[in-house]
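Each chain, letter by letter, is given below.
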Amino acid sequence: MTNSTTAKPRAQFSSKLGFVLAAAGSAVGLGNIWGFPTQTATNGGAAFLLVYLLMVVILGYPLLVAELAIGRYSQANPVKSASAIVPAAFRLPARGLAFVGLLTASAILSFYAILAGWLVGFFASPVFELLGMTATSEWLESTSSTSSSFVTMALFMGATIYIVKNGVSEGIECWSTRLMPLLVVLFLVLIGYILTQDGAKDGLIMYLKPDFSHISGDMIHNAMGQAFFSLSIGACTMMVYGSYLKKDASLPKTAAQVAMIDTGIAFIAGLLILPAMFVAQNNGVAIYDDNGSLLQSGGLVFSVLPAMFGTMGGMGLAVAFVFFALMVIAALTSSISLLEVPVSTVSEEFGLERKKTAWLIGGLITAFSSLIVLNQDPLFDIVVVASTEYAQPILGLLFALLVGWVWRRDKLLNELKQGHPELETGWFWKIWPWYVRVVCPLLMLFVFVKSLL
Ligand code: PHE
């Protein structure tokens, strides 16, 4: 940890690149390889892709800058950060808002750990298969088994807690720096493979040839939720990461880099998973029901990927092992950012030791995840929809309103100018302040109203 540069002994990321990779590490995760491809396949393919890209640009990016700015300004936990930018009369509501953000991050982690646990199962399964322990290997891959979901979820949460208790730059930065390039390379290799298989072309067409009749209020709402989920906005994670960012980095640039890496990886994941769906179907895996809607949409990726590795013969085991190992690490760099939110807040606000707080809060979230495992239907979907489609966008918006309407303009400008001295004369400062103030709220209102009609 590099504490020496700040008056307060608080951790920071050691370099700008380290921060971008860590923040991109938070953003890149199950949202990219599970959320995005599943949503794209469910919502009609290419048309969803386009609406999603639009959402990233017109809502995700501007709000990402807002959240990072709040965190970096006060270099403190979300509860302190949100109240530091507002005048005294607004302190309590601002603190309340950050507290809801903290609950949202915890709720996201509670379902995230279950999905990531399934990845852990798929990662460990080839090892047991090689050892001849076929029954264990199959048990690990059965996402519908309560016992296996529970064990793998607990393992994943244990790893998350273990990293978070050691603090920000040691734990987070070092994982993210190594992982991202490897992940991209493996994806590209797998895309090259899947496109040689029968059926892949149908997936590509679905993904890249838009049919605009699929656009509806619901679909736009889903795209917005997915963009917030994937960019880690509205759960105070980017606020916390912003608080560890040094003052010499440009926020608009940093946010743009994070958004581009995240969106690029989601796009690549789609290039793999949608064709893989149709290849799997070609090989006899049922992916649509009689009415033409996707079967078990949440679990789709988890049946399609193993099916793809199954077509690779002996190599398949090794490739599956590497693929799922990388996916588990990608999920970990996101889950640690989620756990960091309540842990940093509670330990700083109540003066508790970080290690103890990590175990305590991690334990509580694990208990809640267990409850979801035991009542998967309907609890899983309820938590996913409530946290990603409602809480994240609404909180993201409320943070933007604080930035746009309540934060004193000169102070905001001052914060953004750090690391970006020419900001005041550039186009960003001409557009962004009124954009988050007026346009973002109107856009989101439009999306919510349209999805209700
Ligand atoms: N963005 C992460 C992903 O795509 C999930 C996440 C959401 C992380 C909200 C932090 C906050 O997997």
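Residues numbered from 1 in each chain as written. Predicted model: local features only at pLDDT ≥ 70, side-chain atom pairs only at ≥ 80, totals over all residues. Heavy atoms only, no water.

Next up on the list: the overall build of the protein. Scanning the protein for helices and strands turns up 18 helices and zero strands. Computed over the C-alpha atoms, the radius of gyration of the protein is 21 Å, within 12% of the 22 Å expected from 2.2 N^0.38 for a compact globule of 453 residues. Over its C-alpha atoms, taken along the principal directions, the protein stretches across nearly 60 × 50 × 35 Å. With 453 residues in all, the protein has 58% of them scored as buried. Pairs at least 24 apart in sequence give 82% of the contacts found in the protein among residues at least 6 apart. Across the protein, the centroid of the 24 positively charged side chains sits 17 Å from that of the 25 negatively charged ones. (Helix = DSSP H or I, 4+ residues; strand = E, 2+ residues; numbered from the N terminus. Rg over C-alpha atoms; globule rule 2.2 N^0.38 Å. Buried < 20%, exposed > 50% of the residue type's maximum accessible area, 1.4 Å probe, protein only. Contact = heavy atoms within 4.5 Å. Lys, Arg positive; Asp, Glu negative; His and termini not counted. Charge placed at Lys NZ, Arg CZ, Asp CG, Glu CD.)

If you check the shell around the ligand, you find 16 residues, and the closest are Ala27, Leu30, Gly31, Tyr112 and Phe229. A distance of 2.8 Å separates an oxygen atom of the ligand from a polar atom in the backbone of Ala27. Relative to its unbound accessible surface of 330 Å², the ligand loses 100% to contact with the protein. Elements that contribute at least two residues to the shell around the ligand include exactly α1 (16–27), α2 (30–42), α5 (91–130), α10 (217–230) and α14 (314–349). A per-class count over the shell around the ligand returns six nonpolar, ten polar and no charged. (Near = heavy atom within 4 Å. Polar contact = N/O pair within 3.5 Å; in protein donor to acceptor, adjacent residues only side chain to side chain. Areas by Shrake-Rupley, 256 points an atom, 1.4 Å probe, with all protein chains shown as cover. Nonpolar A, V, L, I, M, F, W, Y, C, P; charged D, E, K, R; others polar.)

What follows concerns helix α15 (residues 354–374). For α15, spanning 21 residues, the distance from its first C-alpha to its last is 30 Å, which sits close to the expected 30 Å at 1.5 Å a residue. Among all positions in α15, only Thr357, Ala358, Ile361, Gly362, Ile365, Thr366, Ser369, Ser370, Ile372 and Val373 are buried. Against α5, α7 (146–165), α14 and α16 (376–406) lie the buried residues of α15. (Expected span 1.5 Å × (residues − 1).)

To continue, consider the packing of helix α12 (residues 251–282) against helix α13 (residues 300–310). It is at 9 Å that the axes of α12 and α13 come closest, and there the two elements cross at 70 degrees. One finds that α12 runs roughly perpendicular with respect to α13. On α13, the residues that touch Leu272, Ile273, Ala276, Met277 and Ala280 of α12 are Leu300, Val301, Val304, Leu305, Ala307 and Met308. Here the contact of α12 with α13 is composed, by residue class, of eleven nonpolar, no polar and no charged. (Axes fitted to C-alpha atoms, helices over the stretch in contact; angles between N-to-C directions. Parallel < 35°, antiparallel > 145°, perpendicular 65-115°, else oblique.)

One pass over the structure, following the stated rule, counts zero disulfides. With no disulfide of its own, Cys236 lies 18 Å from the sulfur of Cys440, the closest cysteine sulfur. Classification of Cys236 as buried rests on a relative accessible area of 0%. (Disulfide = S-S within 2.5 Å.)

Scanning all chains against the criterion turns up 23 aromatic pairs. Between the aromatic rings of Tyr61 and Phe428, the centroid separation amounts to 6.5 Å while the plane-to-plane angle is 75 degrees, which identifies the pairing as edge-to-face. Separated by 367 residues along the polypeptide, Tyr61 in helix α3 (residues 46–74) and Phe428 in helix α18 (residues 427–452) bring together distant segments of the chain. Phe428 carries the same exposure label as Tyr61, and that label is buried. Three or more aromatic residues link up through ring pairs in this structure, and these residues are Trp118, Phe122, Phe187, Phe302, Phe309, Phe323 and Phe324. Above the face of the Tyr162 ring, Lys165 is positioned so that its terminal group lies 4.3 Å from the ring centre. The side chain of Arg437 reaches across the aromatic face of Trp405, ending 3.7 Å from its centre. (Phe/Tyr/Trp six-rings, centres within 6.5 Å; stacked < 30°, edge-to-face > 60°. Lys NZ or Arg CZ within 6 Å of the ring centre and 35° of its normal.)

A few words on the nonpolar core. With 157 residues, the main nonpolar core has Phe309, Phe323, Leu416 and Trp432 as its most contacted residues. Leaving out residues up to four positions away in the same chain, Trp432 has contacts with Pro62, Val65, Ala66, Val403, Leu412 and Leu416. (Core = buried A, V, L, I, M, F, W, Y, C linked by side-chain atoms within 4.5 Å.)

On to unusual backbone geometry. A cis amide bond links Asp377 with the next residue in sequence, Pro378, at an omega value of 10 degrees. Note on placement: Pro378 falls in helix α16. Positive phi, close to 50 degrees, is recorded for Gln75, a residue that is not glycine. Position of Gln75 relative to the elements: it lies in the loop between α3 and α4 (78–84).

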